[in-house]
Amino acid sequence: MKLLSLVVPCYNEQDVIPLFYNEIIKIAHKMESYLNFEIIFVDDGSSDNTLNVIKDLNSKDSRVKYISFSKNFGKESAMYAGFSKSKGDLISIMDVDLQDPPELLLDMYESITKLGYDCVATKRVTREGEPPIRSFFAKCFYSIINKISNTEIVDGARDYRMMTRQMVDSILSLKEYNRFSKGIFSWVGYKTKWISYNNVQRAAGTTKWSFWKLLIYSLEGIVAFSTVPLAIASIVGIILCILSLIFAVVTACKTLIFGNPVAGYSSLICAIVFIGGIQLFCVGILGEYLAKTYLETKNRPIYIAKEESLDNETI
Ligand code: UDP
Ligand code: MG
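The following refers to the structure shown. Sequence order as written defines residue numbering, which begins from 1 separately in each chain. Both sets of labels track the order of writing: A upward for chains, 1 upward for ligands. Local features in a predicted model are, by the rule used here, given only for residues with pLDDT of at least 70; side-chain atom pairs are given and counted only at 80 or more, and totals for whole chains, interfaces and linings are based on all residues. Hydrogens and water molecules were not included; the side-chain quantities draw on all heavy atoms of the structure.

A word on helix α2 (residues 50–60). In an α-helix, one turn spans 3.6 residues, which is why side chains three or four residues apart end up on the same side. Residue burial is assigned from relative accessible area. The probe radius is 1.4 Å, only protein chains are included, and a residue is buried under 20% of its type maximum, exposed over 50%, and partly exposed in between. Secondary structure follows DSSP: runs of H or I at least 4 residues long count as helices, runs of E at least 2 residues long count as strands, and numbering of each begins at the N terminus. Among the residues of α2, those classed as buried are Thr 50, Leu 51, Val 53, Ile 54, Leu 57 and Asn 58. Buried positions in α2, seen along its axis, are confined to an arc of 160° and lie on one side of it. Exposed positions of α2 whose direction lies more than 90 degrees from the buried face are Ser 59 and Lys 60. We call two residues in contact when some of their heavy atoms are within 4.5 Å. Of the surrounding secondary structure, the elements contacted by the buried residues of α2 are β1 (2–10), α1 (17–31), β2 (35–43), β3 (64–69) and β8 (305–308). The directions considered for the arc run from the helix axis to the C-beta atoms.

The structure is reproduced here in structure tokens:
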């Protein structure tokens, strides 16, 4: 019988874990004649009772495994840790807040085993219940990154998906420290089917993503999957050089023809400020890439586990 590993990152989710577990058990029951489940909760350094709630489930149900981080490393690290610990032939990544409808697992399983897909991914068709400003920036982000990156990043794509062991092993072989999974999933390739669904509200608790966290995450995505901003910096530099040469020639001609009255003070200030701004902008872009390279060369682990459930439990 095949084994499905569910990887579930949790950060301060004590209220919603029992609800999630109940829903998953219903699905596992429906599929029990042909599929075994293991549920890997990754406690991402929660400061509430999350770990105890998970341990409680682990003591009652041998299908529940866990890994607990020494601090909050972020969802990307939690996904990586869960994938590394998973033993399944099929692996699924799910949010614990029930925004990822568990009944889709049935469809996903069918598509992989019967239709020959390597991955079934999900995307939201609506962003209902999300602040309009957040939706607006999300739209801008997707349109920019898809113009400047060769890796397709699908608008509205969720992390919720089911993948074959082979695909997950490929994902694990990308050991970069600055992880942007939406890009990594797409970069490794494989035949992917997309399922759309309407946005679902959180079952309990609150979102862990502030506007700033999302903005920084999206910049990370751009830096990780495109070097076009570096090219833009060079192009802007070249254009400005050409413009300044033309300006110099025009000024020289004007001075020869009309003499040199004291004028042009304001245009001079404008030019200085403009060029100063562009230089800072370009240095900033360079800095972003340099910072990422610096972090990668340190070769730090993607996560540090403080404790985890024992491996020799029977499934
Ligand atoms: N999460 C995590 N570490 C973090 C932030 C979030 O493991 O630093 C988990 C969180 O517990 C949840 C999932 O990632 O299971 C998605 O987070 P959330 O629901 O807050 O994001 P949203 O759905 O609002 O985008
Ligand atoms: Mg959520």
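Alternating residues of strand β4 (residues 90–93) divide into Leu 90 and Ser 92 and Ile 91 and Ile 93, and every residue in both groups is buried. In this description, strands pair whenever DSSP reports at least two bridges between them. Two strands pair when backbone bridges link them, and β4 and strand β6 (residues 157–164) are joined in this way by 4 bridges, in the antiparallel orientation. In the sheet register, Leu 90 faces β6, and the bridge partner there is Thr 164.

The protein atoms that coordinate the magnesium ion (ligand 2) are Asp 97 (OD) and Gln 99 (OE1), at distances of 1.9 Å. Asp 97 sits in the buried class, given a relative accessible area of 3%. Coordinating donors are taken as N, O and S atoms within 2.8 Å of the metal, stretched to 3.2 Å for Na, K and Ca; because water is absent from the atoms, sites can appear incomplete.

What follows is about the side chain of Thr 122. Here Thr 122 shows up in strand β5 (residues 119–124). Note on Thr 122: relative accessible area 0%, which makes it buried. Polar side-chain contacts of Thr 122 include one of 2.8 Å to the backbone oxygen of Tyr 160. Excluding anything up to four places from it in sequence, Thr 122 contacts Leu 104, Met 108, Gly 156, Ala 157, Arg 158, Tyr 160, Trp 194, Ile 195 and Tyr 197. Here a polar contact is taken to be a pair of N or O atoms separated by no more than 3.5 Å, where protein atoms must pair a possible hydrogen donor with a possible acceptor and residues adjacent in sequence count only if both atoms sit in side chains.

Along the chain, Tyr 11 falls in the loop between β1 and α1. For Tyr 11 and Ser 46, which are 35 residues apart along the polypeptide, the C-alpha to C-alpha distance reads 5.0 Å. Sequence-distant contacts of Tyr 11, defined by excluding residues within four places in its chain, comprise Asp 44, Gly 45, Ser 46, Asn 72 and Lys 208.

Before going further, it helps to examine the site of ligand 1. Being near a molecule or strand, for a residue, means having at least one of its heavy atoms within 4 Å of it. Near ligand 1 there are 16 residues, and of these Glu 13, Asp 44, Asp 97, Thr 207 and Lys 208 occur at the shortest range. Within the side chain of Asp 44, a nitrogen or oxygen atom sits 2.6 Å from a nitrogen atom of ligand 1. At 3.2 Å from an oxygen atom of ligand 1 is found a main-chain nitrogen or oxygen belonging to Val 96. Throughout, the Shrake-Rupley method with a 1.4 Å probe supplies accessible areas, and for residues the shown protein chains are the sole cover considered. About the coverage of ligand 1: the protein hides 90% of its 540 Å² of free accessible area. Its residues assigned to classes, the shell around ligand 1 shows 5 nonpolar, 4 polar and 7 charged. Classes in brief: Ala, Val, Leu, Ile, Met, Phe, Trp, Tyr, Cys and Pro nonpolar; Asp, Glu, Lys and Arg charged; the others, Gly included, polar.

The axes used here are C-alpha line fits, helices contributing only the stretch in contact, and every angle between their N-to-C directions lies in the interval 0 to 180 degrees. Closest axis-to-axis distance for the helix α5 (residues 132–148)/helix α8 (residues 211–225) pair is 10 Å, and the angle between their directions is 5°. Overall, the two elements α5 and α8 adopt an arrangement that is roughly parallel. Contact residues: α5 offers Arg 134, Phe 137, Phe 141, Ile 144, Ile 145 and Ile 148, while α8 offers Phe 211, Leu 214, Ser 218, Gly 221 and Ile 222. Partitioned by chemical class, the residues of the contact of α5 with α8 number 8 nonpolar, 2 polar and 1 charged. Angle categories: roughly parallel below 35 degrees, roughly antiparallel above 145, roughly perpendicular from 65 to 115, and oblique for all the rest.

For Phe, Tyr and Trp, rings pair up if their centres lie within 6.5 Å, where Trp contributes its six-membered ring, and each pair is then called stacked (planes under 30 degrees apart), edge-to-face (over 60) or tilted (otherwise). In the structure shown here, the tally under the stated rule is 12 aromatic pairs. Both rings, one in Phe 141 and one in Tyr 142, keep their centres 5.2 Å apart while their planes meet at 65°; by these two values the pair is edge-to-face. Here Tyr 142 falls in the buried class, since its relative accessible area comes to 9%. Plain terms: the ring middles of Phe 180 and Phe 225 are 6.3 Å apart, the flat faces sit at 55° to each other, and that makes the pair tilted. Separated by 45 residues along the polypeptide, Phe 180 in the loop between α6 (165–172) and α7 (181–187) and Phe 225 in helix α8 bring together distant segments of the chain. For a ring to carry a charge above it, either NZ of a lysine or CZ of an arginine must fall within 6 Å of the ring centroid while also lying within 35 degrees of the normal to the ring plane. A cation over an aromatic ring shows up here: Lys 71 above the ring of Phe 73, its NZ or CZ 4.3 Å from the ring centre. The ring of Tyr 117 carries the charged tip of Lys 191 above its face, separated from the ring centre by 4.9 Å.

Everything listed here is a matter of geometry and, on its own, says nothing about what the molecule does.
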